[in-house]
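Below, each chain spelled out in residue letters.
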Amino acid sequence: MEYRSESRRLPDRMEEECGVFGVWTQPSASSDGTDRRDRSSDAAHMVAYGLQALQHRGQESAGIAVGDGETVTVAKDLGLVTQVFNDSSLSALQGHVAIGHVRYSTSGSKAVWEAAQPHMSAIDNELIALAHNGTLTNTNSMRARLVGEGVQLFSATDSEVAAKLIGMVTRQTGHLRDGIAAAMREMRGAYAMVLCTSKSLYAFRDPNAIRPLCIGKLPDDRGWVVSSESCGLDIVGATYERDIAPGEIVRINAEGVVSEQALEPGRHASCIFEYVYFARPDSVIDGQSVYQARRNTGRILARESAVEADLVLGVPDSGVPAALGYAAESGIEYTDGIVKNRYVGRTFIQPTQELRQLGIRLKLNPLPSVIRGNRLIVIDDSIVRGNTSKKLVQMLRDAGAKEVHLRITSPEVMWPCYYGIDTDTRDQLIAANMTLAEMNEWIGSDSLAFLSLEGLREAVGGVRHPGFCEACFTGDYPV
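Residues numbered from 1 in each chain as written. Predicted model: local features only at pLDDT ≥ 70, side-chain atom pairs only at ≥ 80, totals over all residues. Heavy atoms only, no water.

**Some words on the environment of Tyr191**
Along the chain, the position of Tyr191 falls in strand S8 (residues 189-196). Look at Tyr191 and you get buried, because its relative accessible area is 0%. In sequence terms Tyr191 and Arg211 are 20 residues apart; their C-alpha atoms lie 6.4 Å from each other. The residues contacting Tyr191, other than those within four sequence positions of it, are His132, Asn133, Leu136, Met184, Phe204, Arg205, Asp206, Pro207 and Leu263. (Helix = DSSP H or I, 4+ residues; strand = E, 2+ residues; numbered from the N terminus. Buried < 20%, exposed > 50% of the residue type's maximum accessible area, 1.4 Å probe, protein only. Contact = heavy atoms within 4.5 Å.)

And the structure:
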């Protein structure tokens, strides 16, 4: 099998597709004590804050839908949350229930306005809005069914298909929760979704729980929040309650919180790569701190793949907690030897091959005064195509490193992901085409080692965890 590292302009990372956020707030009382059903734009502002906390999950578009008790309004556009929304535009989104979405398109789709979420659907005279994290694997058959029923679609996204499918089947069932359950029985793949009507917030998750979704409570019984990660709850002052269960539908409105088990839970397969790279370190997923999981990977990696060196460096940001764990376990000094430019996003335009070659220096720059003459252990989270690692090693050598020993806090990425992560076919995954020795030689490191799958499992929960999706490492797909 031929390995083509530069054949397409794809990121040299596993990239997350999107993040979702939802809020339901108690309608506030006016100064005369009457109930204000037209509540101010608090919900929209809270969603905007939540989306900023989830910005790392998607940087191509942002959108918010708000329900005001009578209808649903959607505002969305290409760009970061702060580019799409400001205080004025958020204040115009009046309502007490709202959902939001940040998007990173996968390799099969483009950053176009039509693909931005939330997507709308109509159930007779009622509007619904839906935001989705994940990827549906049977989109084509569902799309064909909808088109055959005369449903008009405006984008190529599976998320719009899901929204329109829910709208169509709800007209048949007569009840939205039944319609969502019926749609869930048809959908295959990974989905963590939030949906709002003019009065209610819904959250539901695929029966394998592949993509994360949690629920939290606002103080003083002011309402409820749903988020892809617990860091989204933190930013609006909500207290983490629990994760949405596999196959569960949660409805939140003035009648309270209602849970329904729409689908029998399948093999629990939450994405293990959330702990390695995708999630923010201050998040908690399935009861496991992401930061502590990353520290654990470094400790275990030090035991599995020790090497003599002078300094341990972490590649910012996800490699730093692991590097601290490696240093603590090995007794080798940790140092900040690589500086990250935090003003360069994942969607930086790279129009020419020459500029793409310079791309890593826009994000990372070594400190020669720290590095020069030292033997380095460099901790990074993963290697997908290998180009970033190759350039990083050369940068460190140019900065005067005597030796560069690359240590990776995940196993070799051998298989593509079909559940909402941007990875390519196997011919562009370096580990699927080279031996460890060949990868080490091609990258230019003095030694290269990956964390074992057993070590990663131990780091992120061990026997206590109900189960992971590890398909990118093993090829064993849960769906």
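**Let's talk about the pattern of salt bridges**
Considering all chains together, one arrives at 19 salt bridges under this definition. For Arg145, the salt bridge identified is with Glu186, shortest N-O distance 2.3 Å. Here the residue Arg145 occupies a position in helix H4 (residues 139-148), and Glu186 occupies one in helix H6 (residues 176-186), the gap between them amounting to 41 residues. Residue Glu186 is classed as partly exposed on the basis of its relative accessible area of 26%. (Salt bridge = Lys/Arg side-chain N within 4 Å of Asp/Glu carboxyl O.)

**Focus on the pairing of strand S5 (residues 97-103)**
In terms of burial, S5 is largely enclosed, as 7 of its 7 residues are buried. Burial along S5 is two-sided: the face carrying Val97, Ile99, His101 and Arg103 and the face carrying Ala98, Gly100 and Val102 are both buried. Here strand S2 (residues 18-25) runs beside S5; their pairing, made up of 7 bridges, is antiparallel. Of the residues in S5, the one forming a bridge with Trp24 is Val97. Bridging between strand S3 (residues 61-67) and S5 involves 7 bridges; their strand directions are antiparallel. In the strand pairing of S5, Ile64 is matched with Gly100. (Pairing = 2+ DSSP bridges.)

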